[in-house]
Amino acid sequence: MGSGRPVTVFGAYGHTGRFVVAELAARGFTPVLSGRNAQTLEEMARAHGLEARVASVDDPASLDRALAGTAAVINCAGPFASTTGPVIEAALRARIPYLDVAAELEANLDTFAHYRERARDAGAVIVPAMAFFGGLGDLLTTAAMGDWTEADEAHIAYALSHWHPTAGTRLSGAVSRARRGDHRLRYSGGRWQRRTDAAPTLEWTFPEPIGRRPVIGEFTMADVVTVPQHLSIPEVTTYMSAGAARDVAAPHTPAPTATDEHGRSDQTFLVDVVVRSGGTERRATAGGQDIYAVTAPLVAEALERVLTGRTRTLGVASAGEIFDAPDFLHALAPHLTLDLHPQRRNS
């Protein structure tokens, strides 16, 4: 456990940041609250008896002060296209690990492209997208691969009961759309493609009791960035249940509201991963409640493993590359239902 070690949470007062702060405290860490809104930060610090350090990505010295003397930094502040670079630079200066919960494709692509060599040469640890989108799918894909060194294709399908987006999700989405323009991204043939056609509507057969559901195919999420970084799979595709895709796109869908004592919404999810090689496929699934809330134990478990040396590599690394994927997933048993299915031959 954390043994009181201080960990900076940048964007601590955001929707996901609050879950992360609570999870770190429950694990024995001492969260150091950071962000640019001084009033909100101080109110949160007083309410929880924690230290607040105001910082802005436009002020490197303030970031240095926010990270000073802490064991690591977790970046929960979107849009990540604006925050990842400055906070990673501050972490490198402080010589501490950096983790984030970014779901933005472009931000994650930038992290791998810009920091892979620098972080490796510095012996630093940078774990991007250590969240529901990115980290969880990557861990499930890695676990499903098992002893395979390569596969023909990986499919990651999300069944969300609904998707009430936070203000941060809407802002990050707007930034990503502005960067992509009229294009969407697809990973096929071992490379990124910029497509102008509409994403297809398909059907996916989820494990029971969900069963066959309409999905938006090629609904490209952060998993499509993280998986090919360390697994030899030329076709990586993600799918989103059609109702949830409509929810997140609609301008008047409300923000999530708490329905239990932990602050979670009543949203449920199932992530269904299928990897195929030749005539054989392997499958792994995970289910739970509230995609924002479950990000907290994902990133907190990653932090514990980084700080205790239970890692497999240095530099910028995907979740399944740096951690023992099955062991990591089983450690989340209080938060996830997990099924690593046996392989079967395609009919």
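Topic: the nonpolar core
With 83 residues, the main nonpolar core has M130, F132, L136 and W163 as its most contacted residues. Here this core takes 12 residues from helix α10 (residues 291-307), the largest share from any one element. Counting 23 residues, the second-largest nonpolar core is a separate cluster that includes A77, A91, Y115 and A124.

Side note on the sheet that holds strand β2 (residues 30-35)
Taken together, 7 strands build an open sheet; the order of strands is β3-β2-β1-β4-β5-β6-β15 and the sheet is parallel. Strands with a single pairing partner mark the edges of an open sheet, and in this sheet they are β3 (51-54) and β15 (315-316). Looking at chain direction, β2 and β3 are connected through 4 bridges and run parallel. Looking at the pairing, V32 lines up with E51 of β3.

Let's talk about the pattern of salt bridges
On inspection of all chains with the given rule, the structure shows 22 salt bridges. Where E106 meets R180, a salt bridge forms, and the shortest distance between an N and an O atom there is 2.8 Å. Residue E106 is located in helix α5 (residues 105-122), and its partner R180 is located in helix α7 (residues 167-180); the two are separated by 74 residues in the primary sequence. As far as the burial class goes, E106 and R180 line up, both buried. In this structure, R186 engages E218 in a salt bridge whose closest nitrogen and oxygen atoms are separated by 3.4 Å.

Some words on the environment of H183
Its place among the elements puts H183 in the loop between α7 and β8 (184-188). When the C-alpha positions of H183 and D197 are compared, they lie 8.2 Å apart, and in sequence the two are 14 residues distant. Once you skip the residues sitting within four places of it in the chain, H183 turns out to touch R194, R195 and T196.

A closer look at helix α1 (residues 15-26)
If you check α1, its first and last C-alpha atoms are 17 Å apart, about what 12 residues at 1.5 Å a residue would give, namely 16 Å. Of the residues making up α1, those classed as buried are T16, G17, F19, V20, V21, E23 and L24. Here the buried face of α1 lies against β1 (6-10), β2, α2 (38-48), β4 (73-75) and α10. Just beyond α1, the residue with positive phi is G28, at close to 95 degrees.

Considerations on the packing of aromatic side chains
Enumeration according to the criterion identifies 9 aromatic pairs in this entry. With 5.4 Å between their ring centres and 35 degrees between their planes, F133 and W163 make a pair best called tilted. On the criterion of sequence distance, the pair formed by F133 in helix α6 (residues 132-145) and W163 in the loop between β7 (153-160) and α7 is long-range, its members being 30 residues apart. You'll find F133 and W163 in the same group, each marked buried. Ring centres 5.4 Å apart and planes at 70 degrees place the aromatic pair Y187 and W192 in the edge-to-face group. According to the relative accessible area criterion, W192 is partly exposed, its value standing at 28%.

Regarding α6
Compared with the 20 Å implied by 1.5 Å per residue over 14 residues, the 19 Å span of α6 between its first and last C-alpha is a close match. Of all 14 residues making up α6, 14 are buried, and the element is well covered by its neighbours. At the exit of α6 stands G146, carrying a positive phi of roughly 60 degrees.

Some words on unusual backbone geometry
Glycine aside, a negative phi is what most residues show, and trans is what most peptide bonds show. In this model, G78 is joined to P79 through a cis peptide bond whose omega is 0 degrees. Tracing the chain through its elements places P79 in the loop between β4 and α4 (80-94). Cis geometry marks the peptide bond from E208 to P209; its omega dihedral reads 15 degrees. Examined against the element boundaries, P209 turns out to sit in the loop between β10 (201-205) and β11 (212-216). Although it is not a glycine, R95 adopts a positive phi angle of roughly 60 degrees. Position of R95 relative to the elements: it lies in the loop between α4 and β5 (98-100). Its relative accessible area of 75% is what places R95 among the exposed residues. Positioned with a positive phi, D290 is a non-glycine residue whose angle comes to about 70 degrees. Mapped onto the elements of the fold, D290 is located in the loop between β14 (280-289) and α10.

About the thresholds
Residues numbered from 1 in each chain as written. Predicted model: local features only at pLDDT ≥ 70, side-chain atom pairs only at ≥ 80, totals over all residues. Heavy atoms only, no water. Core = buried A, V, L, I, M, F, W, Y, C linked by side-chain atoms within 4.5 Å. Buried < 20%, exposed > 50% of the residue type's maximum accessible area, 1.4 Å probe, protein only. Helix = DSSP H or I, 4+ residues; strand = E, 2+ residues; numbered from the N terminus. Pairing = 2+ DSSP bridges. Salt bridge = Lys/Arg side-chain N within 4 Å of Asp/Glu carboxyl O. Contact = heavy atoms within 4.5 Å. Expected span 1.5 Å × (residues − 1). Phe/Tyr/Trp six-rings, centres within 6.5 Å; stacked < 30°, edge-to-face > 60°.

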